[in-house]
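Chain by chain, the residues:
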Amino acid sequence: MNSLPDSELTSLEIDRSLQAQAKERLKDIPSMRLKFVESSIYGMDLPDDSFDFVVARLIFLHLNNPNEAAQEIYRVLKPGGRLAIIDVDDGVFGAVNPDVPALHTVLMKISDYVAQHGGNRLIGRSLPRLLSESGYIDVDIDSVLQHSDLLGIEGFKQQFNLNRFVHFAEKGVISSEEFAQLQQASDAINHSPEAYAMMNFITACGTKPL
């Protein structure tokens, strides 16, 4: 918001704990420029044709009906307004050093499990078609790589936090051997100066026609 000093921001979140985190992080933004809305992305309590730009970051992977969400965002965008989706695709996750031979297999097993429960950790590859089918034009997609040597290792440690994988090990989604490899990677990223990680995020954009 500092680079757009005349802009106004609306934060949409259905989870009250996450909304509280957002309020804390944005506490220095004047209230006249910032509005918090507790609502589902499927039925936003917002007027038609009211926003110039919408950013949906790491939301669509959790949705069981992403097309409905894209259409609801389309509703609140002004004609000519733009939607940017920032999300994941575990098929092109990235790389880590030391290598984790089972990483791709683990990610695909988790993706299958998440899909059975209504999410989609392979959503990145579907975004261009999703946007086009929802009425957006000028659809574009890009891959954004982030490397721990450039951004610092701290932001990458969470990706290999074992707490993220314990549930899947307990459910039998991943094997004890695969979990052990993840534990080794977690230990290395937390303690080895030789460790690094590179992650890939997918960004897709579309415009509401004038």
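This report concerns the structure included in the present document. Given the structure is predicted, the values throughout are model-derived calculations rather than measurements.

Turning to the side chain of Lys208, a few remarks are in order. Structurally, the position occupied by Lys208 is in the segment after strand E7 (196-207). There is a polar contact of 3.0 Å between the side chain of Lys208 and the backbone oxygen of Tyr74.

Of the pockets and cavities examined, the second largest pocket occupies roughly 170 Å³. Of all the elements in the fold, those that place two or more residues in the lining of the second largest pocket are helix H6 (154-157) and E7. Residue composition of the lining of the second largest pocket, by class: 4 nonpolar, 5 polar and no charged.

Looking now at the packing of aromatic side chains. In total, this model carries 3 aromatic pairs according to the counting rule given. Taken together, a centroid distance of 5.3 Å and an interplanar angle of 90° make the contact between Tyr74 and Tyr136 edge-to-face. Of this pair, Tyr74 sits in helix H2 (residues 66-76) while Tyr136 sits in the loop between helix H4 (127-133) and strand E6 (137-147), and the two are 62 residues apart along the sequence. The class for Tyr74 is partly exposed, based on a relative accessible area of 23%. The interplanar angle of 85° and the centroid separation of 6.3 Å between the aromatic rings of Phe93 and Phe160 together place this pair among those described as edge-to-face. Pair noted here: Phe93 is in the loop between strand E4 (77-87) and strand E5 (94-97) and Phe160 is in the loop between H6 and helix H7 (163-170), with a separation of 67 residues, a long-range link. If you follow Lys23 out to its NZ or CZ, it ends over the ring of Phe36, 5.5 Å from the centre.

In this section: unusual backbone geometry. Of note, the bond from Asn97 into Pro98 is cis; its omega dihedral lies within 30 degrees of zero at 5°. Of note, the phi angle at Asp49 is positive, near 50°, even though the residue is not glycine. With respect to the element layout, Asp49 can be found in the loop between strand E2 (34-37) and strand E3 (51-57). By relative accessible area, Asp49 is classed as partly exposed at 41%. One non-glycine residue, Leu58, lies in the positive phi region at around 55°.

Phe60, Ile73, Leu83, Leu103 and Ile174 are the most contacted members of the largest nonpolar core, which totals 50 residues. Where this core is concerned, the elements lending two or more residues are E3, H2, E4, helix H3 (103-116), H4, H7, helix H8 (176-191) and E7. Beyond its immediate sequence surroundings of up to four residues, Leu103 is in contact with Phe93, Val96, Phe160 and Leu182.

With respect to the helices and strands, Asn163 occurs in helix H7. A residue is classified by how much of its surface remains accessible, and Asn163, at 63% relative accessible area, is exposed. As for Asn163 and Asp90, which are separated by 73 residues in sequence, their C-alpha atoms are 18 Å apart.

Taking 1.5 Å per residue as the helical rise, H3 with its 14 residues ought to reach 20 Å, and the 20 Å between its terminal C-alpha atoms agrees with that figure. Burial in H3 covers these residues: Leu103, Val106, Leu107, Ile110, Ser111 and Tyr113. Angular distribution of buried residues about the axis of H3 spans 165°; they occupy a single face of the element. Residues of H3 that are buried sit in contact with E5, H7 and H8. Following H3 by one or two positions, Gly118 has its phi on the positive side, about 100°.

In this structure the tally under the stated criterion is 10 salt bridges. Among the salt bridges present, the one from Glu154 reaches Lys157, with a minimum N-O distance of 2.8 Å. Taken together, the positions of Glu154 and Lys157, both in helix H6 and 3 residues apart, correspond to about one turn of that helix. What emerges from the salt-bridge pattern is a single network uniting Asp48, Glu72 and Arg75.

What counts and how
Residues numbered from 1 in each chain as written. Predicted model: local features only at pLDDT ≥ 70, side-chain atom pairs only at ≥ 80, totals over all residues. Heavy atoms only, no water. Helix = DSSP H or I, 4+ residues; strand = E, 2+ residues; numbered from the N terminus. Polar contact = N/O pair within 3.5 Å; in protein donor to acceptor, adjacent residues only side chain to side chain. 1 Å grid on protein atoms, 1.4 Å probe; cavity = no way out; pocket = protein on both sides within 12 Å on 5 of 7 lines; lining within 4 Å. Points joined across faces, edges and corners; volume = space filled by probe spheres on them. Nonpolar A, V, L, I, M, F, W, Y, C, P; charged D, E, K, R; others polar. Phe/Tyr/Trp six-rings, centres within 6.5 Å; stacked < 30°, edge-to-face > 60°. Buried < 20%, exposed > 50% of the residue type's maximum accessible area, 1.4 Å probe, protein only. Lys NZ or Arg CZ within 6 Å of the ring centre and 35° of its normal. Core = buried A, V, L, I, M, F, W, Y, C linked by side-chain atoms within 4.5 Å. Contact = heavy atoms within 4.5 Å. Expected span 1.5 Å × (residues − 1). Arc of directions from axis to C-beta. Salt bridge = Lys/Arg side-chain N within 4 Å of Asp/Glu carboxyl O.

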